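# Observations on the three-dimensional arrangement
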Amino acid sequence: MRLRLNVRALKAGATFLVLLVLLLAGGLVLRRWEEARPGPPVPLEEEPEDQRELVSYGGAWYAPREDLETVLFLGLDKAALDDSIPVSGDYAQADFVALLVLDPGTESGKLIHINRDTMTDIPDFDASGRPLGTYTGQLALAYAHAQAYTGSERTACESAKKAVSQLLYGVEIDHYVTLTLDGVACLNDLAGGVEVEVQDDFSAVDKTLVQGETVTLLGEHALNYVRARWWVGDSSNLERMERQSEYLDALWKKLNERMKADEGFALSALAALNDYMDSDCTAEQLSALAEKARTYEAGQASLAGEAVMGERYMEFYADEDALRELVVDTFFELVKEPKELG
């Protein structure tokens, strides 16, 4: 279902738009997690008094956090979505995947950026759209595969949620927000264009984007800049992620300038983006997210790993040690130190 907001809901969601753009900009910055603790999380044979299902990790005991709120952001590689059932080949892949984790205890938010090429188990469906277990594939296909076989955008989003949850050892994901990439182009033009220095060779994609020159991106050229991957640079998603990071940082600065100059800008921008966005959040939930966006401190992280060429496409394999550390540090809390266990 398309996210249709009335004026009251739009006002509540205006700050949420700021959060979305700011976190997208920050979340695309790659960060390597250099130190990993030994051993995967495993269920404990004998649990301490804490009644939660505990895990042992690095010689200590951890319990899952129950107060976190999580929102999955998906940037879809297609034009504005409609309600029609997609035909073969006409469906979106999630080219941008990030999980926002809100921690009310510390009043902070962390955006975990996940490479769209990450290989993981994703939900499978038969020709009639019925669930059919899982198969291993690129994370970006979790949305696309479900939409193609079920014709349901909501099912596609739920499929992406399940795939990300599976990748992160079963952590719970509460909500989703999607934005089509042409929505980025719309936001770009609302900001008055974004100035970037073209770092890659775009000659095979867009001859207006000349490597080494500083240009102001408008319209389809902005979309080409953030979307193009094949025949640009080394054609890897990692290189595109770095380009998107620089672009979104510049976009945020322009949007921030516009919002400071015009109090009504965020509201009008959110209204313009309505046809490009979708979410399972209610207006009240958007309002709550907006309030947290206003007060919480934002941070970001990304999965370390290796990108390799598969039989046909690029594949990204997460570093398991770093992934375990990230999951435990983000979604669990320490219950017993090793010395306390005797």
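A few points on the structure. (Residues numbered from 1 in each chain as written. Predicted model: local features only at pLDDT ≥ 70, side-chain atom pairs only at ≥ 80, totals over all residues. Heavy atoms only, no water.)

### A closer look at unusual backbone geometry
Of note in the backbone geometry, Glu107 takes a positive phi value of approximately 50° without being a glycine. Judged by relative accessible area, Glu107 falls into the partly exposed class, the value being 47%. With phi around 60°, Tyr169 is a residue other than glycine that occupies positive phi space. (Buried < 20%, exposed > 50% of the residue type's maximum accessible area, 1.4 Å probe, protein only.)

### Considerations on the pattern of salt bridges
Applying the stated criterion to the full structure yields eight salt bridges. Here Arg116 ties to Asp95 by a salt bridge, and the two come within 3.0 Å at their closest N and O atoms. On the criterion of sequence distance, the pair formed by Arg116 in the loop between strand 6 (108-114) and strand 7 (119-125) and Asp95 in strand 5 (residues 94-103) is long-range, its members being 21 residues apart. Of the two residues, Arg116 and Asp95, neither departs from the other in class, the shared state being buried. Put simply, Asp117 and Arg116 hold a salt bridge, and the shortest N to O gap is 2.7 Å. Residue classification places Arg116 among the buried positions, given a relative accessible area of 6%. (Salt bridge = Lys/Arg side-chain N within 4 Å of Asp/Glu carboxyl O. Helix = DSSP H or I, 4+ residues; strand = E, 2+ residues; numbered from the N terminus.)

### Considering the nonpolar core
Judged by nonpolar contacts, the single largest core of 44 residues is most densely connected at Leu217, Tyr225, Tyr247 and Leu251. Per-element accounting of this core gives the leading share, seven residues, to helix 6 (residues 237-261). When sequence neighbours within four positions are dropped, the list of residues in contact with Tyr225 reads Val196, Glu197, Val198, Gln199, Phe202, Leu209, Leu217, Arg243 and Tyr247. Listed in part, the 41 residues of the second largest apolar core include Ala94, Val101, Leu167 and Val171. (Core = buried A, V, L, I, M, F, W, Y, C linked by side-chain atoms within 4.5 Å. Contact = heavy atoms within 4.5 Å.)

### Side note on the sheet that holds strand 12 (residues 277-279)
Read from one edge of the open sheet, six strands run 12-9-4-5-6-13, paired in mixed fashion. The open sheet is flanked by strand 12 and strand 13 (297-302), the only strands paired with a single partner. Each adjacent strand pair in this sheet contributes to an overall mean axis angle of 20°, direction not counted. When strand 6 meets strand 13, the two strands line up parallel, connected through six bridges. If you follow Lys110 over to strand 13, its bridge partner there is Gly299. Contacting strand 4 (69-76), strand 5 and strand 9 (175-180), helix 4 (residues 181-190) crosses the sheet at an angle of about 70° to strand 9. (Pairing = 2+ DSSP bridges. Axes fitted to C-alpha atoms, helices over the stretch in contact; angles between N-to-C directions.)

### What to know about the packing of helix 4 against helix 7 (residues 265-272)
For the pair helix 4 and helix 7, interaxial distance at closest approach is 10 Å and the crossing angle is 150°. Regarding the angle of helix 4 to helix 7, the classification is roughly antiparallel. Taken as a pair, helix 4 and helix 7 cross one another with a handedness that is right-handed. Contacts from Cys186, Leu187 and Leu190 of helix 4 reach helix 7 at Phe265, Ala269 and Ala272. (Parallel < 35°, antiparallel > 145°, perpendicular 65-115°, else oblique. Left-handed = near helix turned anticlockwise from the far one by under 90°.)

### Looking at the packing of helix 2 (residues 141-150) against helix 3 (residues 153-167)
Helix 3 packs onto helix 2 with a crossing angle of 145° between their chain directions and a minimal axis gap of 8 Å. The handedness of the crossing between helix 2 and helix 3 is right-handed. The residues of helix 3 that touch helix 2, namely those facing Ala142, Tyr143, Ala146, Gln147 and Thr150, are Glu153, Thr155, Ala156, Cys157, Ser159, Ala160 and Ala163. For the contact of helix 2 with helix 3, the per-class residue count stands at seven nonpolar, four polar and one charged. (Nonpolar A, V, L, I, M, F, W, Y, C, P; charged D, E, K, R; others polar.)

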